[in-house]
Amino acid sequence: MDIKEIQEEIVDEFSMFDDWMQRYEYMIELGKSLPLIDEKYKTEDNIIKGCQSKVWVHAELEEDKLVFTADSDAIITKGIIAILIRAFSNQKPQDIIDADTEFIDEIGLKEHLSPTRANGLVSMIKQLKLYAVAYQTQLN
């Protein structure tokens, strides 16, 4: 599936819930299925700056596609990064660079986060895109 299809699938899943408590619970569940970062990558270099909680992200290029792993010390944040990784992992760097993130607004995530968590979300997206730029540069 391409990024747009995955994003649409995520929007559909979130639309099944009536209220935000159910959506938070679902995000926590998604966080439990997060492809966990190897302990050796839980370093200062891999911490996303601008997040209230600690979030580590690592990226590797496998057959011209970026594969992300991550972890967080907070369950909601773990769910947020799990959603982003689901949308962007196993995709070509250029596709990640070109992808929009409107699906975040469609599920209403930003408006239901505290200001510091919303800033963290923006920082997570920025970091995933920066990884994509770095790896795309290597491919060119």
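Residues numbered from 1 in each chain as written. Predicted model: local features only at pLDDT ≥ 70, side-chain atom pairs only at ≥ 80, totals over all residues. Heavy atoms only, no water.

1. Focus on the UniProt feature "domain: Fe-S metabolism associated" (unreviewed entry) in the chain
Stage number 1. Those places that UniProt annotates as "domain: Fe-S metabolism associated" (unreviewed entry) correspond, in this numbering, to residues 11-129.
Stage number 2. Spanning residues 11-129, this segment combines 49% helix with 13% strand, and its end C-alpha atoms are found 21 Å apart. (UniProt positions renumbered as here; feature names shortened; annotations may be inferred. Helix = DSSP H or I, 4+ residues; strand = E, 2+ residues; numbered from the N terminus.)

2. Some words on unusual backbone geometry
Stage number 1. Its identity is not glycine, yet Glu63 carries a phi of approximately 50°, on the positive side.
Stage number 2. Along the chain, the position of Glu63 falls in the loop between β1 (55-62) and β2 (65-72).
Stage number 3. Here Glu63 falls in the exposed class, since its relative accessible area comes to 79%.
Stage number 4. Backbone geometry at Asp64 places phi at a positive 65°, although glycine is not the residue there. (Buried < 20%, exposed > 50% of the residue type's maximum accessible area, 1.4 Å probe, protein only.)

3. Overview of the side chain of Glu13
Stage number 1. Along the polypeptide, Glu13 turns up in helix α1 (residues 3-15).
Stage number 2. Residue classification places Glu13 among the buried positions, given a relative accessible area of 15%.
Stage number 3. In this structure, Glu13 is in contact with Tyr26 and Arg86, ignoring residues within four places of it in sequence. (Contact = heavy atoms within 4.5 Å.)

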